[in-house]
Amino acid sequence: MEWANQLCENRQFGSKMTDSKYFTTTKKGEIFELKAELNSDKKEKKKEAVKKVIASMTVGKDVSALFPDVVNCMQTDNLELKKLVYLYLMNYAKSQPDMAIMAVNTFVKDCEDANPLIRALAVRTMGCIRVDKITEYLCEPLRKCLKDEDPYVRKTAAVCVAKLHDINAQLVEDQGFLDTLKDLISDSNPMVVANAVAALSEIAESHPNSNLLDLNPQSINKLLTALNECTEWGQIFILDCLANYTPRDDRESQSICERVTPRLSHANSAVVLSAVKVLMKFMEMLPKDLDYYSTLLKKLAPPLVTLLSAEPELQYVALRNINLIVQKRPEILKHEMKVFFVKYNDPIYVKLEKLDIMIRLASQANIAQVLAELKEYATEVDVDFVRKAVRAIGRCAIKVEQSAERCVSTLLDLIQTKVNYVVQEAIVVIKDIFRKYPNKYESVIATLCENLDSLDEPEARAAMIWIVGEYAERIDNADELLESFLEGFHDESTQVQLQLLTAIVKLFLKKPTETQELVQQVLSLATQDSDNPDLRDRGYIYWRLLSTDPVAAKEVVLAEKPLISEETDLIEPTLLEELICHIGTLASVYHKPPSAFVEGSRGVMHKRLPARTGSGESTESPDVGTAAGGSAPEAAPSIIPSQGDLLGDLLNLDMAPPTTSGPPPPTTGMQMGGMDLLGGGLDSLMGDESEPLGGDIGGSPAMGAGFGAAPAVMPASLNAPVGGGLGDLFDLGGVGMPMGAYIPPKIVWLPAMKAKGLEISGTFARRAGVIQMELILTNKAMSVMTDFAIQFNRNSFGLAPAGPLQVLTPLGPNQTIEVSLPLSTVGPVMKMDPLNNLQVAVKNNIDVFYFSCQYPISMLFVEDGKMERQVFLATWKDIPNDNESQFQIKDCHLNSDAASSKLQGSNIFTIAKRTVEGQDMLYMSIKLSNGIWVLAELRVQAGNSNYTISLKCRAPEVSQCVFQCYEAVLKN
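Residues numbered from 1 in each chain as written. Predicted model: local features only at pLDDT ≥ 70, side-chain atom pairs only at ≥ 80, totals over all residues. Heavy atoms only, no water.

1. Topic: the overall build of the protein chain
Where we set the bar: Numbering of helices and strands runs from the N terminus, with a helix taken as a DSSP run of H or I at least four residues long and a strand as a DSSP run of E at least two residues long. A 1.4 Å probe rolled over the protein chains alone gives each residue an accessible area, and that area as a share of the maximum for its type sets the label: buried under 20%, exposed over 50%, partly exposed in between. Here, residues are in contact when the closest pair of their heavy atoms is within 4.5 Å. All accessible-area figures derive from a Shrake-Rupley calculation using a 1.4 Å probe, and residue coverage is judged against the displayed protein chains alone.
From N to C terminus, the protein chain includes 38 helices and 13 strands. For the protein chain, the proportion of its 972 residues judged to be buried stands at 50%. Summarising the internal contacts of the protein chain: among those between residues at least 6 apart in sequence, 69% fall at separations of at least 24. Approximately 45,800 Å² of the protein chain is accessible, and the part contributed by carbon and sulfur atoms is 51%.

Below you can see the structure in the form of structure tokens.
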């Protein structure tokens, strides 16, 4: 807290006596006495009284009643007393905003004081008082302090701009403070530069799309000059800012690296990590054959090694960062293996992290000393560490092929110790070694089988069962071993049950005559006696395979398995790149992007490393096709899935027209309330043919209406008047008649070059309560096209054709036909990404073609979506605040009545409207076809083209799609 920091600063002004006396008073009527002392004519007595007040405040006593008396003490030349009063003000101004205005004149006067310390103190305190009424008075003093002759005042004022922006962003922009802040980057004082950069970075974080830090070679040069002279925290701000810059070419990149490299020897570990982040990023642009590149690699190792001599907590942070660096550039630390050897007094979290890095650095050159260390660790007393050490031996075997034999030998030695948890971990890793090196180390199976009885952990039991099933032909008593597991089948974990089922089927395929009873027993246990859907489905698949085509079963079950990769736990490359850009922050410790754990980070910009120049690698960013300012319908991403994505659902579809044509059955909120947005539910893998084996295969049970569907009849309690909050909604004054529903323009969904000459364009519309898919089919081939049919994959809202695709005449070359396909919302449901993605298969006499399109979610807004006012109030309060999302709709020039009319055409109903301080607030409700309700508050300010919309919904996944619909409807 700011006031706590200032309290520490005040120690330099403390009297020679101890301050403990201020904390020891327990007298009654203390507030009354303090009031009298604060109004004393004696300066010394007044100062003592203020100290007692601050002491009481510090230990949690409420001394807000003394607010006017303490404020009266502001009129003083004594810096110590002024600081104490300002501390008090910061703490209590929010609870006494009207009284706090009394202090404004003193603030303004202090901002022009001859003493720069008082000027800085005044502007800093005003920035810390988070009261709206005071902010407007802060502007003029702040403007003067930003241009003050003293650098201490300027640097304090720079931080104050960021604080003011947090309270009132619009005010800061209107007053031009952001431009003044940008000018301070060229200041002659390095600390002013650092604070200006810190303030701009802080503001830019809340506005990720704004280009506040307009970095160019000239401003970068100024930052690098300031870097050498400012404090350590100033250096961190500047280095973090540099990390966001993308150099024009490798020469500029090298120049920046040369000037940042001296920071690697700084005493502060945060400065070191920030410098490493900049160098790791800019190294991407340096050609690998450059001499400087190899020099830089050598310079990065010593500072990272030095970080490991700090206390354990700092070591852990350093190790988590090093873990990322080693994954990106293992060559930096390839000669520093010994630094990561575990010490006996390391805490467990440091030990485990060191172990992970040791494996990443393991190579043919150092594998001998690594294995010797790991074998030593496997005899430690810490169980978790021993387990990890045994697994590490297995990972070394998989990573360094030349060491595999030595690793297996080491693991066998450990098995001979007969320590239970060591044996179990060893069996798990030997299974992986068998997968990596088939037909090489199977001679050890006999030793493994000797320890069968001691296995009690699911993972170890599953690994042993896999080994027995995979090598059943080499184990004489394989059937007896598997039968021993079968005795307690229902007591085993799912992992063991699944593995046992597969192993026995493998055994049957290898020794069919001897194990027929065993396989029948396990299939019966899995399908008839088990309520686990995964186990049951797998059992039915094996049963069907074995009963219909044993040869096919053999090809499927005993197929050659792909070798496992040497590094299965590497971070995915694009995520690794983003984490490298966040070295030295919490993201690098969690190994997660900031958006995964920072609340309200919807607008977080995902950082990427720059592309290497001159290396022949593609410089195209993965998201190069995404428009920055929200995508217009024409720029909708083309998500054409590979055929493999759709084979399971689309290839085997019956493309014949439905037997019944006519309107789809009406869907009630209760029917569709169980929409499975989270992708749960069980899907039959067998189709209708598997019914004779058991009627309950697959299919998803109804999930109930708990996902946000409004009940058909509202409880009586909701109809009672609800006070507070939205309770004072006024009547709908002046809301106009609804306009027509918004229909997006048609776009090409399937280009002719991907569909053997058939081009499909289209859009979606909702007319008279029926969803229509409007298609334009164009034949750009030389042959006639006939026999058209269409089918959809499972999707988030159960969209499905309500009738056949009516192409009544053959489609000749260069002919175009428009078709309207009615849709229902009673199809199978599966959560898609994005939520409104629709995967489609179209068949004609030539082939089956696949494409994806995205439908506007407004097509699902139903006509009975207008909620009663009291129900709206109760529902708004009932939905948790965590489910509320806020968005900005920019460049919209409609007034509130026109906006309401336009939205009502798309079944977005205005419940009420009120005007507060010139701002119209529209309260709206939407009901989706599956019964989900979305409540909205739209704020329209006269003369301001930016609207603010807040959305509340029990299924917050839909909020982003609903916002996109608002934007599309209002702007078209």
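There is more to say, and it comes next.
2. Thoughts on the packing of aromatic side chains
Aromatic ring pairs: the centre-centre distance and the angle between the two ring planes describe each pair. We count it as follows: Geometry of aromatic contacts follows a simple scheme: Phe, Tyr and Trp rings, the Trp one being its six-membered ring, pair when their centres are within 6.5 Å, and the pair is stacked under 30 degrees between planes, edge-to-face over 60, tilted otherwise. In this scheme, the term charge over a ring applies when either NZ of a lysine or CZ of an arginine sits within 6 Å of the ring centre and within 35 degrees of the ring normal.
Enumeration over the complete set of coordinates arrives at twelve aromatic pairs. Each ring, one from phenylalanine 434 and one from tyrosine 471, has its centre 5.4 Å from the other, and the planes form 75°; the classification is edge-to-face. Taken together, the positions of phenylalanine 434 in helix H24 (residues 420-436) and tyrosine 471 in the loop between helix H26 (458-470) and helix H27 (478-486) put the pair 37 residues apart, joining distant regions of the chain. Phenylalanine 434 gets classed as buried once you look at its relative accessible area, which sits at 1%. Residue class for tyrosine 471 comes out buried when judged on its relative accessible area of 6%. Aromatic rings pair up to connect Trp749, Phe764, Phe851 and Tyr855 into one cluster. Positioned above the aromatic ring of phenylalanine 385 is the side chain of lysine 351, whose terminal nitrogen or guanidinium carbon lies 5.2 Å from the ring centre.

3. Description of the pairing of strand S13 (residues 947-953)
The test is simple: When DSSP finds two or more bridges between two strands, those strands count as paired.
Of all seven residues in S13, seven are buried, a share of seventy percent or more. The alternating pattern of S13 places Tyr947, Ile949, Leu951 and Cys953 and Thr948, Ser950 and Lys952 on opposite faces, both of which are buried. Bridge count for strand S9 (residues 884-889) against S13 is six bridges, and the pairing is antiparallel. Within S13, the position partnered with phenylalanine 887 by the bridge is isoleucine 949. Alignment of strand S12 (residues 933-941) against S13, held across six bridges, turns out to be antiparallel. Each residue of the ladder has a partner; that of glutamate 937, found in S13, is serine 950.

4. A word on the sheet that holds S13
To keep it simple, the criterion reads: Axis definition: a line fitted to C-alpha atoms, limited for helices to the stretch in contact. Angles are taken between N-to-C directions and run from 0 to 180 degrees.
Judged by pairing direction, the sheet is antiparallel, and its five strands sit side by side in the order S9-S13-S12-S11-S10 without closing on themselves. The sheet terminates laterally at S9 and strand S10 (909-916), the two strands that pair on one side only. In this sheet, neighbouring strand axes are inclined to one another by 20° on average, regardless of whether the strands run parallel or antiparallel. Pairing analysis gives seven bridges linking S10 to strand S11 (residues 919-927), with the strands arranged antiparallel. From the neighbouring strand, threonine 910 faces S11, where its bridge partner is methionine 924. The strands touched by helix H36 (residues 869-878) are S9, S10, S11, S12 and S13; relative to S12, the strand with the most contacts, the crossing angle is about 95°.

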